[in-house]
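This is what each chain is made of:
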Amino acid sequence: MSPIPQPLIVLAILLALAPALPGIAARTTALLTGRRGPPVLQLYRDLARLMRKGAVFSTTTSWVFRAAPAVVLASTVLAALLVPLDGRAPVAGFAGDLIAFAALLALGRFALVLAGLDTGSSFEGMGASRELAVSLFAEPALLAAFVTLALATGHLSLAGLLGAPLAGAWGHAAASIAMVGVCLFVVLLAEASRGPVDDPATHLELTMIHEVTILDHSGPDLGVLLYAGALRFALFAALVLTVIIPRARLDPAAAAAILVVGLAGIAVLVGIVESVMARLRLVHIPQLLVGAAALAALGGMLLLR
């Protein structure tokens, strides 16, 4: 029997580890603010409990609401297939797949927003509009980071942007790549609905963004959405890690070990940011994301001198 390809092994590690990252971030925040906090593995327990429950659907909802969790999870997993998580090669890739990566993530958010609007609730409609407002600024920042990486590596696929060519680009474009890493970390905070962009622990109407959009989901559907959110967190954390620590020249086992340790470290860093920064007002979130996009664009301009 032929051995399992390395990209599939690393993808399985990411899928298994994803629910632990929100727990690590929350526990870090709690410890730094003088609280005990939830267990690191709390999300695993919540997912197991939700999968044993039944789902409740409002009479005003249609098939759009019921299909949204599957679309959100499927689009996130497909996006993960395009990323070289081991620093070498993705499970699947092609020239220009960076556009497909951004489009798949946008598709998941679009399905979630439609589900929120499908409930007919003004509360969830408010959350849906906020989700779209955040994505309006987060997606250009992500694409600006990819463009700068393309200028640094000379490639138009994620395998080139985040694989062996990136390791060679650090020698002549270290400052630009570091700027991209900072930009992607800010995008991570927005895409994973973490502070200071969002507060995953809040239940206040005036401050909720992502949580209010999934408020009417229950049972296994809610579990799928929670897992998809954790996987989105892990996927963007993997992007940040791969940009900052290229692993194309390392042993496959060492590359996988660095992925596990690095994801946990980024989750800790997210927890530190949440503990030292208050949640931003909604009108200031676009400024943060525009600043991240400008930083990545500046890195690209340095390469064009």
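## Considering the overall build of the chain
Then step 1. Of regular secondary structure, the chain possesses 12 helices and zero strands.
Then step 2. For the chain, the sequential pattern of α-helices and β-strands runs α-α-α-α-α-α-α-α-α-α-α-α.
Then step 3. In terms of overall dimensions, the chain is globule-like: its C-alpha atoms have a radius of gyration of 19 Å, near the 19 Å expected for 305 residues.
Then step 4. Principal axes of the C-alpha set define a box for the chain whose edges measure 55 × 55 × 40 Å.
Then step 5. Counting all 305 residues of the chain, 50% fall into the buried class.
Then step 6. The long-range fraction of contacts in the chain, counting pairs at least 24 apart against all pairs at least 6 apart in sequence, stands at 78%.
Then step 7. For the chain, the accessible surface area stands at approximately 13100 Å², while carbon and sulfur atoms represent 71% of it.
Then step 8. Looking at charge distribution, the chain has the averaged site of its 18 positive side-chain charges lying 7 Å from that of its 16 negative ones.

## So, the packing of aromatic side chains
Then step 1. Taken as a whole and judged by the stated rule, the model has three aromatic pairs.
Then step 2. Seen from their ring centres, Phe101 and Phe146 are 5.9 Å apart, and the 65 degrees between their planes marks the pair as edge-to-face. With Phe101 in helix H5 (residues 97–118) and Phe146 in helix H6 (residues 122–153), this residue pair connects regions lying 45 residues apart in the sequence.
Then step 3. An aromatic cluster is defined as three or more aromatic residues linked by ring pairs; in this entry it consists of Phe101, Phe146 and Phe236.

## Notes on the packing of H5 against helix H10 (residues 219–244)
Geometry of a packed helix pair, given as the angle between the helix axes and the separation of the axes.
Then step 1. Packing of H5 against H10 leaves a shortest axis separation of 13 Å and a crossing angle of 155 degrees. By the angle between their axes, H5 is roughly antiparallel relative to H10. As H5 packs across H10, the resulting crossing turns out to be left-handed. Where H5 abuts H10, its residues Phe101, Leu105, Arg109 and Leu112 lie against Leu225, Arg232, Leu235, Phe236 and Leu239.
Then step 2. When its residues are assigned to classes, the contact of H5 with H10 shows seven nonpolar, no polar and two charged.

## Regarding the nonpolar core
Then step 1. Leu14, Phe101, Leu158, Leu162 and Phe233 are the most contacted members of the largest nonpolar core, which totals 72 residues.
Then step 2. In contact with Leu14, not counting residues within four places along its chain, are Ala80, Leu85, Leu231, Ala234, Leu235, Ala238 and Leu263.
Then step 3. Counting residues in hydrophobic clusters, the runner-up holds eight residues, among them Leu50, Val72, Leu112 and Leu222.

## Describing the pattern of salt bridges
Then step 1. This model, assessed by the stated rule, comprises five salt bridges.
Then step 2. For Arg109, the salt bridge identified is with Glu131, shortest N-O distance 3.2 Å. Highlighted residues: Arg109 in helix H5 and Glu131 in helix H6, separated in sequence by 22 residues. For the pair Arg109 and Glu131, a shared accessibility class is recorded, and that class is buried.
Then step 3. Across the pair Arg109 and Glu191 runs a salt bridge whose closest N-O atoms are separated by 3.3 Å. In this pair, Arg109 is assigned in helix H5 and Glu191 in helix H8 (residues 164–191), connecting sequence segments 82 residues apart.
Then step 4. If you follow the salt bridges from partner to partner, you end up with Arg109, Glu131, Glu191 and Arg232 in one network.

## A word on the side chain of Thr28
Then step 1. Mapped onto the elements of the fold, Thr28 is located in helix H2 (residues 20–32).
Then step 2. Leave out the neighbours within four places in its chain, and Thr28 touches Val268, Gly271 and Ile272.

## Regarding unusual backbone geometry
Then step 1. The backbone of Ser193 shows a phi angle near 55 degrees, a positive value even though the residue is not glycine.
Then step 2. The residue Ser193 is located in the loop between H8 and helix H9 (210–213) in this model.

## Some details on the environment of Leu105
Then step 1. As for its placement among the helices and strands, Leu105 is situated in helix H5.
Then step 2. Considering only alpha carbons, one finds Leu105 and Arg232, 127 residues apart in sequence, at a separation of 8.6 Å.
Then step 3. Beyond its immediate stretch of four places on either side in the chain, Leu105 contacts Ala79, Arg232, Leu235 and Phe236.

## Let's talk about H8
Then step 1. Over its 28 residues, H8 runs only 26 Å from end to end, short of the ideal 40 Å by more than 12%, given 1.5 Å per residue.
Then step 2. Of all the bends in H8, the greatest, near 110 degrees, is centred on Ala173.

## Side note on the environment of Ala67
Then step 1. Relative to the assigned elements, Ala67 resides in helix H4 (residues 63–81).
Then step 2. Put simply, Ala67 and Asp221 are 154 residues apart on the chain and 9.2 Å apart in space, counted from C-alpha to C-alpha.

## A short note on a nonpolar patch on the surface
Then step 1. Nonpolar side chains collect at one region of the surface, where Leu32, Val268, Leu269, Ile272, Val276 and Met277 lie side by side and expose about 510 Å² of accessible area between them.
Then step 2. For the nonpolar patch, the element with the most residues is helix H11 (residues 252–276), which contributes four residues.
Then step 3. As for its position among the elements, Met277 is in the loop between H11 and helix H12 (285–303).

## Focus on the packing of helix H1 (residues 6–17) against H11
Then step 1. Contact geometry for H1 and H11: axes closest at 11 Å, N-to-C directions at 20 degrees. The orientation of H1 with respect to H11, classified from their angle, is roughly parallel. H1 and H11 meet at a crossing whose hand is right-handed. Touching Gln6, Val10, Ile13, Leu14 and Leu17 of H1 are Pro252, Ala256, Leu259, Val260 and Leu263, all from H11.
Then step 2. Broken down by class, the residue content of the contact of H1 with H11 amounts to nine nonpolar, one polar and no charged.

What counts and what doesn't
- Residues numbered from 1 in each chain as written.
- Predicted model: local features only at pLDDT ≥ 70, side-chain atom pairs only at ≥ 80, totals over all residues.
- Heavy atoms only, no water.
- Helix = DSSP H or I, 4+ residues; strand = E, 2+ residues; numbered from the N terminus.
- Rg over C-alpha atoms; globule rule 2.2 N^0.38 Å.
- Buried < 20%, exposed > 50% of the residue type's maximum accessible area, 1.4 Å probe, protein only.
- Contact = heavy atoms within 4.5 Å.
- Areas by Shrake-Rupley, 256 points an atom, 1.4 Å probe, with all protein chains shown as cover.
- Lys, Arg positive; Asp, Glu negative; His and termini not counted.
- Charge placed at Lys NZ, Arg CZ, Asp CG, Glu CD.
- Phe/Tyr/Trp six-rings, centres within 6.5 Å; stacked < 30°, edge-to-face > 60°.
- Axes fitted to C-alpha atoms, helices over the stretch in contact; angles between N-to-C directions.
- Parallel < 35°, antiparallel > 145°, perpendicular 65-115°, else oblique.
- Left-handed = near helix turned anticlockwise from the far one by under 90°.
- Nonpolar A, V, L, I, M, F, W, Y, C, P; charged D, E, K, R; others polar.
- Core = buried A, V, L, I, M, F, W, Y, C linked by side-chain atoms within 4.5 Å.
- Salt bridge = Lys/Arg side-chain N within 4 Å of Asp/Glu carboxyl O.
- Expected span 1.5 Å × (residues − 1).
- Bend = angle between axes of the 7 residues up to and from the residue.
- Patch = residues over 30% accessible without salt bridge, like charges linked within 9 Å, V, L, I, M, F, W, Y side chains within 5 Å.

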